[in-house]
Amino acid sequence: MESKRRRKEFHAPSSTLDPSLSLSSSAGGGVDRLTQLPDVLRLYILSLLPLKFAIRTGTLSSEWRRLWMYRWPQPSLINISPVPSLPHSELVSLVDDFFRRRGCARIDCLNITYSPSALKIPDIKRWLNYAASCSVSEFYLDLSLTPSSPNTSRRRGSRAAAAAAAPILDFNFRSPSLTRLTLRGFHLASSHPSFRMFSYSLEILNLWEIYLSSASLRRILVTCPVLRSLSIRCCQDLKKVVVPVAALRLTRLTVVDCKKVSEISVSALGLRSFRFSGALLKTYHIQSAAMLEDVYISSGMAVPAVSLGDWVKPLGELASLKVLSVCSITLECIAALGARAEVGFRLFPNLVELQLLMAMMADSNLSDIYGFFKYCPCPRLEKLFLELPTSACDPSVAMYLEVPREEPPNGGFSNLKVVKMNGFKGHLNEMKLAGVLLMKSGNLEHFAVVAPWGNSGEKCESSSGNFMQCLSTQLSLLPKASAKASIILTENDTSQFRPVHSEV
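The structure contained in this document is the topic of the report that follows. Note that the structure is a prediction, hence the values are computed from the model and not measured.

Rules used in this analysis
- Residues numbered from 1 in each chain as written.
- Predicted model: local features only at pLDDT ≥ 70, side-chain atom pairs only at ≥ 80, totals over all residues.
- Heavy atoms only, no water.
- Helix = DSSP H or I, 4+ residues; strand = E, 2+ residues; numbered from the N terminus.
- Buried < 20%, exposed > 50% of the residue type's maximum accessible area, 1.4 Å probe, protein only.
- Polar contact = N/O pair within 3.5 Å; in protein donor to acceptor, adjacent residues only side chain to side chain.
- Core = buried A, V, L, I, M, F, W, Y, C linked by side-chain atoms within 4.5 Å.
- Pairing = 2+ DSSP bridges.
- Disulfide = S-S within 2.5 Å.
- Axes fitted to C-alpha atoms, helices over the stretch in contact; angles between N-to-C directions.
- Parallel < 35°, antiparallel > 145°, perpendicular 65-115°, else oblique.
- Left-handed = near helix turned anticlockwise from the far one by under 90°.
- Contact = heavy atoms within 4.5 Å.
- Nonpolar A, V, L, I, M, F, W, Y, C, P; charged D, E, K, R; others polar.

**Things to note about the environment of Thr182**
Mapped onto the elements, Thr182 comes out in strand β5 (residues 180-184). In this structure Thr182 comes out as buried when scored by relative accessible area, which is 5%. A polar contact of 3.0 Å, which involves the side chain of Thr182, links it to the side chain of Asn206.

**Focus: the nonpolar core**
Counting residues in each nonpolar core, the largest one holds 110 residues, and the members touching the most others are Phe139, Leu141, Phe171, Ile264 and Phe372. No other element matches helix α5 (residues 121-133), which puts 7 residues into this core. Counting residues in hydrophobic clusters, the runner-up holds 8 residues, among them Val256, Leu280, Cys333 and Val504.

**What to know about the pairing of strand β9 (residues 240-243)**
Residues Val241 and Val243 of β9 are buried on one face, while the alternating residues Lys240 and Val242, pointing to the opposite face, are not. Of the pairings in the sheet, the one linking β9 to strand β11 (residues 263-266) comprises 4 bridges and is parallel in character. Looking across to β11, one finds that Val243 is bridged to Val266.

**Quick word on the state of the cysteines**
Enumeration over the complete set of coordinates arrives at 0 disulfides. Not engaged in a disulfide, the cysteine Cys327 finds its nearest cysteine sulfur in Cys333; these two sulfurs lie 7.8 Å apart. Here Cys327 falls in the buried class, since its relative accessible area comes to 2%. Using a relative accessible area of 2% as the deciding quantity, one classes Cys333 as buried.

**As for the packing of helix α4 (residues 88-102) against α5**
Where α4 meets α5, the closest approach of the two axes is 12 Å, and the angle between their N-to-C directions is 15°. Put simply, α4 runs roughly parallel to α5. The interaxial crossing formed by α4 with α5 has left-handed handedness. Contact residues: α4 offers His88, Val92, Val95, Asp96, Phe99 and Arg102, while α5 offers Asp123, Arg126, Trp127 and Tyr130. Considering only residue class, the contact of α4 with α5 consists of 5 nonpolar, 1 polar and 4 charged.

What follows is the structure, given as structure tokens:
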């Protein structure tokens, strides 16, 4: 009641405001009158904003930084996680008591990380009901057995055990202001009412290690008309991802490590970012492929039954593409189809950043890289990142696909400014590629080489000198087309040069 009375004190009818008054700096001769307001007034202003806009005010100045965290009189950022020394019953009592004392004040972000048994599900449901009554904006619910980063993969045996032990939750949740939802580590009950919990304000949905059917996912998406971002990771029961036309505002789709997914179909017309990592898809279709600006496509395994044309066909439709990451298998498909002239690949006129994820670096893989630049010209390419194999041995393996040897491209690197080779061991083909890039890039500014810890190159193994010194000597002998190009050799992968897709 006190907070409500305080807010009423600051409410003034619009008719009483003098239109000649202004809080802008231009009207005050360079004085920031908005920042000069008392904290209580600024907090009141922040309380009227949605969470994401309140957070953005932190960029105005140091006076506004983190002020949004105090816009409610009660704590609005709540994190609930188990304490090893505290019995479950005591933790539940403490949380329940805290919620009773706190009341139903607005919650900006609620994070529940717990590993409950089936007997503790009622506690979780009680807390869900409380969060909904407080109009939570961002909600993170993690019921996995071993909470960790979403990118952390589990061993096959432990994943099977986790699936068997994961609780079943009827996630019947409805918050009128929910904008971001992250669910992890449980079976999502497929009863129809549980898919009506998503409010019409939900913009970001992350499903990590959630066990649900393809039909259930589609029902969820139909009830989320303003969804902008969908991330699906390690959902082992999912067999296909179908994004209906109803998801009008979806701009980003990420599917990672969902082993059974063999089909992806996106009918939404606004998709701008598509990121996939997993087994080769049998079919995938993106209605608005020509509008994509950000694509990550990687597979760790080859499936001979999959049509090569179906796997890389969308690459010929990406006229708006700015950032692209592809795996070595995708490069093989492009080289094979390009050599046989079965698919006509177009240039990438707007591509600025390219990342190549190389599982091997044999002669055929080097030819595939050359083939990519031959069949897919990138006239505006500025940044090139190469993730090299982790094997310490220089590979001599047979090609998965029979493709002709490609010669190094004659051009296409005139705008290239940054090259980074991660996992560089000084192997023959790595040195060949480094030499070509240095020789063909007339405007190159930075050539970053990250050597792996504890590995040595084939030419340096018999040398008595330091491995890094040996690599430095070899790289310094390579001719450069750009006099301003600096070669940076390090064992520490700093954040100075990071690809956009580094988090995928």
